[in-house]
Amino acid sequence: MTDATPLTIYRDTVRPEWVDYNGHLRDAFYLLIFSFATDALIDRIGLDDATRQARGRSVYTLEAHVNYLHEIREGTPVRVDARVLAHDAKRMHLYFEMFADGHDGPVSASEQMLMHVATQDGPKSAAFDPDVAEHVAALHALQRDHAPPAFAGRVIALPARR
């Protein structure tokens, strides 16, 4: 596994209960790991549990795509790097890559759209509070000049018949 980067948001190890009958990480648990990484990102932008409770705010996932690039087995350490590809007053377009020991590149990638919501009298979409918006913008600015992500913007489709 390559070394951590400033974008590293989450680390874990493939747990026995996450492994399928083939001895590999079950497909649903790739998304679980990305979900844990999303929680870590939400904490990093200033929406930790205490803040969410105090302000009546949260973040909901609107859409998620997962690319399964390599199989990984029980006990494999993994890390997830996160990027904010774009944002507006209420949403974040995120990109995650999962790396694992024994692999040079990512073993999985996920692209997600998240919506900030007011949970009191709702839920309903709401603009990020100014301090959180500032953290989102700063994280995006840190990554804005990076190369485009390899697995973002993909569409699921069969090739057109000729």
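It should be noted that the structure appears before, not after, this text.
In this text, all values refer to a predicted model and were calculated from it rather than measured experimentally. (Residues numbered from 1 in each chain as written. Predicted model: local features only at pLDDT ≥ 70, side-chain atom pairs only at ≥ 80, totals over all residues. Heavy atoms only, no water.)

1. Quick word on the overall build of the protein chain
For the record, the criterion: The helix and strand labels rest on DSSP assignments: H or I over at least four residues marks a helix, E over at least two residues marks a strand, and numbering proceeds from the N terminus. For the radius of gyration, the atom set is restricted to C-alpha positions; the globular benchmark scales as 2.2 Å times the number of residues to the power 0.38. Burial classes follow relative accessibility: with a 1.4 Å probe on protein chains only, a residue under 20% of its type's maximum area counts as buried, one over 50% as exposed, and anything between as partly exposed. Working rule for contacts: check all heavy atoms of both residues, and any pair within 4.5 Å makes them a contact. Exposure was quantified through the Shrake-Rupley algorithm and a 1.4 Å probe, taking into account, for residues, occlusion by the shown protein chains and nothing else.
Scanning the protein chain from terminus to terminus reveals three helices and six strands. Its helices and strands in sequence order give the protein chain the pattern β-α-α-β-β-β-β-β-α, from N to C terminus. Expected size for 162 residues packed as a compact globule is a radius of gyration near 15 Å; at 17 Å, the protein chain falls within 12% of this value. Projecting the C-alpha coordinates of the protein chain onto the three principal axes gives extents of approximately 45 × 45 × 30 Å. Looking at the 162 residues of the protein chain, the share that counts as buried comes to 40%. Pairs at least 24 apart in sequence give 71% of the contacts found in the protein chain among residues at least 6 apart. When the accessible surface of the protein chain is summed, it comes to about 9,200 Å², and 51% of that surface belongs to carbon and sulfur atoms.

2. Considering the layout of surface pockets
Heads up, the condition is: Cavities and pockets are defined on a 1 Å grid built over the protein atoms alone: a cavity is a set of grid points where a 1.4 Å probe fits but cannot escape, while a pocket is an open set with protein on both sides within 12 Å along at least five of seven lines, and lining residues are those with an atom within 4 Å of any such point. Grid points are joined across faces, edges and corners, and a volume is the space filled by probe spheres set on the points. Here the term charged refers only to Asp, Glu, Lys and Arg, the term nonpolar to Ala, Val, Leu, Ile, Met, Phe, Trp, Tyr, Cys and Pro, and the term polar to all other amino acids, Gly among them.
Volume-wise, the largest pocket comes out at about 190 Å³. S35, T38, D39, I42 and T61 are the residues nearest the centre of the largest pocket, which is lined by 15 residues in total. Its residues assigned to classes, the lining of the largest pocket shows seven nonpolar, five polar and three charged.

3. Some remarks on unusual backbone geometry
In this model, G122 is joined to P123 through a cis peptide bond whose omega is 10 degrees. Its location among the elements puts P123 in the loop between β5 (108-118) and β6 (124-125). Positive phi is not limited to glycine here, since D121 has a value of about 55 degrees. Tracing the chain through its elements places D121 in the loop between β5 and β6. Taking relative accessible area as the criterion, D121 reaches 75% and is therefore assigned exposed.

4. Here's the deal with the environment of V14
Relative to the elements of secondary structure, V14 occurs in the loop between β1 (8-13) and α1 (27-44). What makes V14 buried here is its relative accessible area of 2%. Sequence spacing of V14 and D121 is 107 residues, and the spatial spacing of their C-alpha atoms is 39 Å. If sequence neighbours within four positions are ignored, V14 has contacts with V19, L25, I72, R73, E74, G75, T76 and V78.

5. Some details on the environment of Q120
Its place among the elements puts Q120 in the loop between β5 and β6. Sequence spacing of Q120 and Q53 is 67 residues, and the spatial spacing of their C-alpha atoms is 9.9 Å. Look past the residues within four positions of Q120 in its chain and what remains in contact with it is R55 and G56.

6. As for the environment of L114
As for its placement among the helices and strands, L114 is situated in strand β5. In this structure the C-alpha to C-alpha distance between L114 and A150, which are 36 residues apart in sequence, comes to 20 Å. Once residues within four sequence positions are removed from consideration, L114 is found in contact with T38, I42, V59, Y60, T61, L62, K90, R91, M92 and L94.

7. Here's the deal with the side chain of Q112
Selection rule: Pairs of N or O atoms are called polar contacts if they sit within 3.5 Å, as long as, within protein, a hydrogen donor faces a hydrogen acceptor (for residues adjacent in sequence, only side-chain-to-side-chain pairs).
One can find Q112 in strand β5. Here T38 takes part through its side chain, which lies 3.3 Å from a polar atom of the side chain of Q112. In this structure, Q112 is in contact with L31, F34, T38, T61, E63, A64, M92, H93, L94 and F96, ignoring residues within four places of it in sequence.

8. Observations concerning the pattern of salt bridges
Threshold: Every case where a carboxyl oxygen of Asp or Glu lies within 4 Å of a side-chain nitrogen of Lys or Arg is listed as a salt bridge.
The final tally for this structure, using the stated rule, is eight salt bridges. Here R15 makes a salt bridge to D12, at a shortest N to O gap of 2.9 Å. Overall, the relative accessible area of 30% leaves R15 in the partly exposed class. Among the residues examined, D12 registers a relative accessible area of 14% and is labelled buried. The partner of D81 in a salt bridge is R79, and the shortest N-O contact between them spans 2.8 Å.

Without other data, these values stay purely geometric and don't point to any function.
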